[in-house]
Structures are given as structure tokens and as C-alpha cells.
Amino acid sequence: MFSLAVFLLCAATSVAASAKGAAAAAGPRLNNNQLYKFSYTTELLLDKARGSKDGSAGYRISTDVNINLVRRDPSNKDDQLIQLAISNVQIEPVSQRSDRNSVLHGSTTESILGKTKLAALTKPFLVHLKNGKTKAFYSYWAEPATIKNLKRGITSLLQFQTHTGKVVENDVSGRCTVQYQATEGQVTRTKLLETCKTSDIGFTTHSKVLGVSRKSSSVTVFKLEDGFIQSAVAEETHSLAVDARRSTAAKIVSRQTLLLVGKEAGPLEVAGKDVAGVVKSIDGKLAAVGIVPEKLKTQCKGCPSLFEHWQAVKKQLEPASLSKATAPRSFLGLVQSIRKASKDEILKVLKSASKTTLPQVVDAVTSSQTPASLDAMLEFLNFTDGKGLVLQERFLYACGFASHPNERMLQALLNIAKGKIGSTDIKESVVIIMGALVRKLCLKGSCDLPTVVQVKKMILEGPESTQVESEVQTYLLALKNSLLPEAIPILTKFAESEVGSYSIIALTALERYDVSLINPKVKQTVNRVYHQNRRIYEKNVRAAAADVILSSNPSYIEVKNLLLSIGNLPHEMNKYMLSKIQDILRFQMPASKIVRKALEDMISHNYDRFAKVGSSSAFSGFMAQSPDVTSTYSLDILYSGSGILRRSNMNIYGSSQGSMLHGLQVAIEAQGLESLIAATADEGEEDLESFAGMSALLFDVQLRPVTFFKGYSDLMAKMFSMTGEPMNVVKGLILLTDHSEVIQLQSGLKASAEFQGGLAIDISGGMEISLWYRESKTSVNNRGALVVTGNVTVDMDFLRTGVEVSFETEASLDFITTVQFSEYPFLVCMQMDKAGFPVSDYFARYDSVSSGKSITSRKGKKQHVPGSEFPLHQENSNMCKRVFESSW
């Protein structure tokens, strides 16, 4: 009986609690015959992330808002149709400005908005609320989108729930997940902005190192009395920063305040069976236009045409200006203009450009990545003409560096590859660059698109579909760019090839894969190559195999076997491997722990092994370290036993936000040159054809290798005609950072964020050999200018405001290796010099109104970074001293 009594008591309590919950309002509940008078203010502030002394750009819109109940569902008190009427609209700057610096000075609300827009804004509209959520938003289709969005912004402050929990809601921000926290007399709404889905689609750079990150928050606090809103205060912030330089950042702050200022007698409910009938009886033109915002179509009044823009910047895009920051800045502006232009407008610029500026125009048009720009390029270029190599290759490289390529771009390259191509070099570049596009599309989750599948099949089957050496190399380079997991077995097979160039490409490709994909079978193959278990390999092939082993989470046995091999290798390779092991330990690379463990064995670690002499070396160091980005470099030099360069490999990496970018790799290879100095070739290299060439990888994209000479006759011809002038490897303008998004604010305003980074680059390399002085010199020269700009703009058609944050720099980096082989051990001096360079930061603020009046203010600061010579190992410093002394 006692148990039964407890059960009945609990049941009764539960029913009472349920009844009480049903009686409580689910959201704002209005009374009939009551007019609620509110004041409403929305503020927009745009600024640098850290703020500026002169105050933020932006404006404040203040209005009165009257709200009354139109209809309530008899069966549900929280099913309400309400009317909102805006009046007394005021627009003013958000920060105090002098009259001279205020674009709104002397203006009235009517002169800013215009009579039509002001009338539309003050025209009443209806909102259907059900259980505290907006079920329908009624306004007029003919109203400008900006006006409807402002009304939607006010409506967002009427939507809330009175109990704690997480829900998915639709409002002006889109479809978002929202967290509610309810306490006595207060509800806090936190909108998880990263979950919001809208119709606006942006794009960003695939590399996080070159990317832009955004941090956002949106919190609204409702103060309630008797279940109705006394005040609603919202603050939404968005901070956008360049990942590699987070001081280049912009901030958006949007605030809304809705304050109840009074109540008075209002209109009675409108009779009607349903909401639709009531709405129609009030105004037949009212329609459910949706609470989710519409896309805004803005037109730039007074902006120059693409051709006019080109005429203004073409001098800055002459080849002589490419090392200056004005070149990439002009390039970025031109890209923005091209993105708004038609195919015919783009062709007009292409056809009018001079011979010297045309390659830079090709860079800009291709980097724009619009359907019109791609169509213009495909019509302008004639790939059957072998004389157009420069423009064709600039187009292909710009495709390879594309920030957000699509299937159509890949299809265009596939069509070119299937058609007639006048230049063999272009034929190779098309295939190599298709590999890069496959990788970028797969990273976006588009690996199953029909064209991607077709190209994957082509490059995966390519290496074994031909016996022509250059074609096999091309397909292997395409696979190196694609980093397809399916390519690993193919690359593993070619790593053991009898042809040294195949092995080098395959091994360097395997080194680029994530360690988790390097399975035991791959490791066994690479170890066989290094230890020459099946055949004799060239030194540079074995060195490449060692790089793969040491970078792929090596086992204790693998490392021990590598150490035991030192002493049994050709002289210079002994020194190279010893230097490689020491570099791993000194630079604390991932393999350092297992290497240190293996060195505890005295058989592996003894004086006989670690006292080998030679000139080959491997060294890594830091180029720059900051909280935002870390940049490292490595220099690997391998010589033949006769003192002639066999392989030189320079790498620059950037890491940020846990991501790595292979910024630059320049590899110079030479072989078969021993006959020039009557020297004996090393084991396995006796019959190699005379050859020297350079291969470049730039921003994770492998480019087509460049040949200095091939064959003895070509070597002798080049020897006697050698001027010492470097050969160009890469020259052009690259769109590094490319981020575009539309940020829908809860206030109804839309912010457009555009961040672009442009790089003007010139990489060249050369090789000189003097038989008279018994000296060789190789050089890699890097010149560049970088500009990154970030624009955040809010354009309401009648009022436009925005800020621009940017930085720019000009820099050069030279890597020179001098070898004197008149004696053995020969003297080798490596120099890696960075010239002093300027770094400038700028901040601009701009405002304009529809009448054409505009005001722009710009400020900047400049600093100079002194030049330096990057440190290498002490042995190199000692040798350089001897080389320069002997040259005197």
C-alpha cells in the first residue's frame, strides 16, 4: 500500500509539472489589443583585428519598431501572426569623425536611402511565430533585397525559446545549430556560426599554410519579464587572418539592440480561419518571401572597365618590374577585374597586350579561374603552334598553381593533351600539370568526377604504356604531382628500374607521400635499391633511396643497416651519408630518436665510420621562426669521386597550423662529365651519357625539368658558348592565397571577404665549368615580390563601407656552389645568401554612398629586414675560406 501511495503521488506530481510546462510560454507571447513600442539599433564596425586609433569604419542604423498581434491560433497561444512597423530611421557613422572625413556629413536618411528604399523599409511586414520560432516571414517580392534583409535582421531578435537546449533554427544567418541557456528572467542564445548553411558559396586555397582562417562568435542575451522581451542585445564578431602572418587580419563586429520603451492600446486581432487568409486580407501583395536571406546583386558605379584597368597597370607588369611589389599588387587588382569580365572583354586585353607584358596577362587571366577566363585562354592560345611555348607553358603552370580548380579546367587540359601539340615540351607539361590538378580535386573530395577518373586512368597506365624514355618520365612526374595512393605500387616498381632517371623520379615521389602509406613492401624495395641487393645503382639513386628510408619512420634494423653501410660506399657517398645522419640528429628530425638508439651500438658507431673525408654534405636550418609560420631549408650536395657535382638539392618548407607546404625545391643533376678532366667514373656510372639539368618543384607542384645539355656533342657546344648567364626555370606571377566568402550577419547585413596573395617570382639556375682553372660553379637564383591583401566590404547598394589590410615585401635568395677540383680532397664552398629586404604593412578604410561621394584613408608602416648568409656546417666555412684565398 505504501508503494502504491508513493507511485500515485509521483504520477500526480508529474502531471502537475506537465500542466505547468504547457502553460509556460515557448517564446515571446503578445497580448491582444496591445502595441509594443521598441527602439532598435544595429551597428556595423570594420577594423584591423587589433583596432585602430582613428576608430572603426562602419555605421549605425537606429529606428523605432512597433509590434502588435494580428492573429493567434485558438488552439495554441504560441502560434501568433505579428506585425512590425519601422519608423524614424536614422543613419550615422559608428565612430566620431570630422566633417571632412565623414561620407555621411550633410546627408539625410532620405538622401542616403532614396525615397523608394526608405518607403519600403518603413512599410509594415508580418512574421508568423510558432512556439518561439519563425515559421514564415511576409514582405513584398518587389522590395530590394537589402531592405528585406534588414527586416529579417530585426525578426531574428524575436526568435528564442525559454528552456535550455540545442536546436537547429532558420533565420537570417541561414540554417544554424543554436545553443540556448535559460535562467530566471534571461535567455542566452549562442549561435554556432560554423554550422550555418547559406546559399552563398565561397572558396579558399587548398593549402592551410597559404590560407585564411576565420574565428566567429554570435551571442544574444534576452531579458524577459512575464515571458515577454524587455530587451535583446546581440553581438556577433568575425576575425579573418592570413595564417602565415596573423597580424594581417580584419575584424567584423555587428551589434543589435532591441529595447522595449513602452506599451499602449493597439489594434484588435484580425478575424480569419488561417494565417494565409489573414495575410491576404491585410494586403494581397504580401508574400512569404522566406526568412533565409537573398543573394545581393551589387553593381560598381563608376568602376573602370577591364580594358581601362589594364591600361592603368600595364607598366607595372613589364618584365623589368616583376621584382618590385607593384607587380603582384597590380596583378591582384587585374585578377579581380577579370573575374567580373566577359570572355570578349578578356580577349580584348589579351590581343592588345605587348609581347613583353603578354605572359603576365596570361598569368592573370588563367589565375582568375572563371568560365569566361578559361574560355578566353583556350580561344587565344594555339597549341598546334610550336613557337608559342612561353605563353602556353605560362598558362599550364598557372593551371597547376590554381587555388580552386574545377573539373572543367582539368577537362580542358585533357582535350589539349588528346589534340595536336606543336611543342614536345608543352606535351610533357600538360600531362605533368594534369597530375597536380588531380591531386587538388581529390583533396576537395572530387576524386570520383568523370574527368578526374579518366585522367587518373591515363597517368596510372601511362608509365607502362610506352617505351619512350621522355614519355615514361613525364607520366612518372604526373604521378609525383598527383600523390594518388593507387600510384604507390607503380612508383615502387620503377624505383628499381635500370634507368636512373626513372628511379630518381619514383623515389622522390615516394618521399612525398604520407608515412602511413609507405607499407612494408615499399620499404623492402627501397632498402634493396640502397643496398644494391639486385643490381648496381648510381650514387644519386642510392642517396634518394636513403632519403625515403630515413623519412618513412625507419625501424631500428633499417637505420643500423644504413650505418653499417658507411665505409663501404664510394668516397663521396660515405661523406654524404655521414653528413645526413649528423643532420638528422642536429636538427631533431623525426628519425633522430631511432638513429640515436642505433648509434649506441659501437659496431655501427665508431671512429672508422665517422671520420670519413669528402666534400659532399647535407644540412638543414631555420630560415624564419615566428608564432605564425616556421620556414626551414635544407641543402644536400653529392659529388662524384672526381670532384664534379652529381646532385645538388635545395628545399624550402613552410609549416603553419599543423600543415606543411613544400614551397620550393631546386635540384641540379649532372652525370658523365668525368671525361672532361680525365677522371675515372664511380662504380655503376661508367657508361652514363653526359648530362646536366635542373628540376623545380614550386608550392607542391612539380614543374617540367629543364636540360642544360645532353650528350657529349651538346656538352662541348655549350661549353664553348657558355656565357655564365643563368637559365630561367620559372618566371611569372602566381596567385598564392585566394580566399573568398560572404558572411551573413544576424543584423541582415552581408559582409564580403576577399583575401588574395600574389607572388612575382623569377627562379634561374646555371652551371659553369672551367677546365683551365679546374673549377665548376653552380648557381640557383631566386627573386620574388609578395603582396597579400585582405578586403572586407559591406555593400548595401545605398551605402558601402570596408577596410583593407595588406603587407608586401621584395626578397632575393641565392645559392652558389663553387668547386675547385685541382686537388683531392677537392675544395667546395657553398653560399646561401639572403639580401636585405623591406616589409610594409598597410591599412585602408573606405566609405561611399550611392550619390558617388566617397572617402578613403590609408596608413602604412615599413621596416627593413637586414640581409644575411644562412649558416651551414663548420667544414663549409673552413673550405670557403680556402677557396676565396686561392682565388686571390
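Residues numbered from 1 in each chain as written. Predicted model: local features only at pLDDT ≥ 70, side-chain atom pairs only at ≥ 80, totals over all residues. Heavy atoms only, no water.

**With respect to the confidence of the model for the chain**
Counted only if it meets this: The pLDDT value tells you how sure the predictor is about a given residue, anywhere from 0 up to 100. Every residue pair with non-hydrogen atoms within 4.5 Å of one another is taken to be in contact.
Looking at the chain, pLDDT values average 88 and 91% of them are 70 or higher. Contacts from residues 1–23, a stretch scored under 50 in pLDDT, to residues over four places away or in other chains number one contact.

**Here we look at the environment of Val 362**
Put simply, the rule is: Under the DSSP-based scheme used, a helix requires at least four consecutive residues in state H or I and a strand at least two consecutive residues in state E, with every element numbered from the N terminus. Each residue is placed in one exposure class: buried if its accessible area under a 1.4 Å probe, protein chains only, is under 20% of its type's maximum, exposed if it is over 50%, and partly exposed if it falls in between.
Take Val 362: it is sitting in helix H9 (residues 358–368). Looking at Val 362, the relative accessible area reads 0%, which means it is buried. On a C-alpha basis, the gap between Val 362 and Arg 394 in space is 6.8 Å, while along the polypeptide they are 32 residues apart.

**Focus on unusual backbone geometry**
At Asn 131, a residue that is not glycine, the phi angle is positive and equals roughly 55°. Tracing the backbone shows Asn 131 in the loop between strand E4 (125–130) and strand E5 (133–139). Even without being glycine, Asn 553 reaches a positive phi, approximately 50°. Here Asn 553 shows up in the loop between helix H19 (539–551) and helix H20 (556–565).

**What to know about the pattern of salt bridges**
Keep this limit in mind: Any Lys or Arg side-chain nitrogen found within 4 Å of a carboxyl oxygen on Asp or Glu counts as a salt bridge.
Per the stated rule, a full pass over the model turns up 38 salt bridges. Here Lys 580 and Asp 636 are joined by a salt bridge, their closest N and O atoms 2.9 Å apart. Within this pair, whereas Lys 580 is found in helix H21 (residues 571–586), its partner Asp 636 is found in strand E14 (residues 630–639), the two being separated by 56 residues in sequence. Under the relative-accessibility criterion, Asp 636 is labelled buried at 5%. The residue Arg 858 makes a salt bridge to Glu 804 at a minimum N-O spacing of 3.5 Å.

**Describing helix H10 (residues 371–380)**
For H10, every residue scored as buried is listed here: Ala 372, Ser 373, Leu 374, Ala 376 and Met 377. On its buried face, H10 sits against helix H7 (326–339), helix H8 (343–352), H9, helix H11 (389–400) and helix H12 (407–418).

**So, the packing of aromatic side chains**
To be explicit about the condition: Two rings belonging to Phe, Tyr or Trp (six-membered ring only in the last case) form a pair when the distance between their centres is within 6.5 Å. Interplanar angles under 30 degrees mark stacking, angles over 60 mark edge-to-face geometry, and anything in between is tilted. Working rule: Lys NZ or Arg CZ, within 6 Å of ring centre, within 35 degrees of ring normal, means a charge sits over the ring.
The full count for this structure, using the stated rule, is eight aromatic pairs. Ring centres 4.9 Å apart and planes at 45° place the aromatic pair Phe 587 and Phe 622 in the tilted group. Here Phe 587 is found in the loop between H21 and helix H22 (592–598), whereas its partner Phe 622 is found in strand E13 (residues 617–625), with 35 residues between them in sequence. You can call Phe 622 partly exposed: its relative accessible area is 40%. Pairwise contacts between aromatic rings join Tyr 36, Phe 38 and Phe 228 into one cluster. In this structure, Arg 245 packs its charged tip against the face of Phe 807, placed 4.8 Å from the ring centre.

**Side note on helix H4 (residues 145–155)**
For H4, the buried fraction is high: 11 of the 11 residues fall into the buried class. All of the buried residues along H4 are Ala 145, Thr 146, Ile 147, Lys 148, Asn 149, Leu 150, Lys 151, Arg 152, Gly 153, Ile 154 and Thr 155.

**Things to note about the nonpolar core**
We count it as follows: Throughout this description, the term nonpolar core refers to a set of buried Ala, Val, Leu, Ile, Met, Phe, Trp, Tyr and Cys residues connected via side-chain atoms within 4.5 Å.
Counting residues in each nonpolar core, the largest one holds 151 residues, and the members touching the most others are Leu 350, Phe 395, Leu 413 and Leu 698. The greatest single-element share of this core, amounting to 10 residues, is contributed by helix H13 (residues 424–443).

**Overview of the side chain of Arg 60**
Looking at the element boundaries, Arg 60 is found in strand E2 (residues 57–72). Non-local contacts of Arg 60, meaning those with residues more than four positions away in its chain, are made with Thr 41, Thr 42, Glu 43, Gln 90, Ile 91, Glu 92, Pro 93 and Val 94.

**Considering the state of the cysteines**
What makes a disulfide is a covalent bond joining the sulfur atoms belonging to two cysteines. Worth spelling out the cut-off: The disulfide criterion used throughout: a pair of cysteine sulfur atoms within 2.5 Å.
By the definition in use, this model includes three disulfides. What pairs with Cys 176 in a disulfide is Cys 196, and their sulfur atoms sit 2.1 Å apart. Since a negative S-S torsion denotes a left-handed disulfide, the Cys 176-Cys 196 link at about 120° is right-handed. Linking Cys 176 in strand E7 (residues 174–183) with Cys 196 in strand E8 (residues 186–197), this pair joins segments that are 20 residues apart in sequence. The class for Cys 176 is buried, based on a relative accessible area of 2%. Across a sulfur-sulfur distance of 2.0 Å, Cys 442 and Cys 447 are joined as a disulfide pair. The sign of the 70° torsion about the S-S bond sets the Cys 442-Cys 447 disulfide as right-handed.

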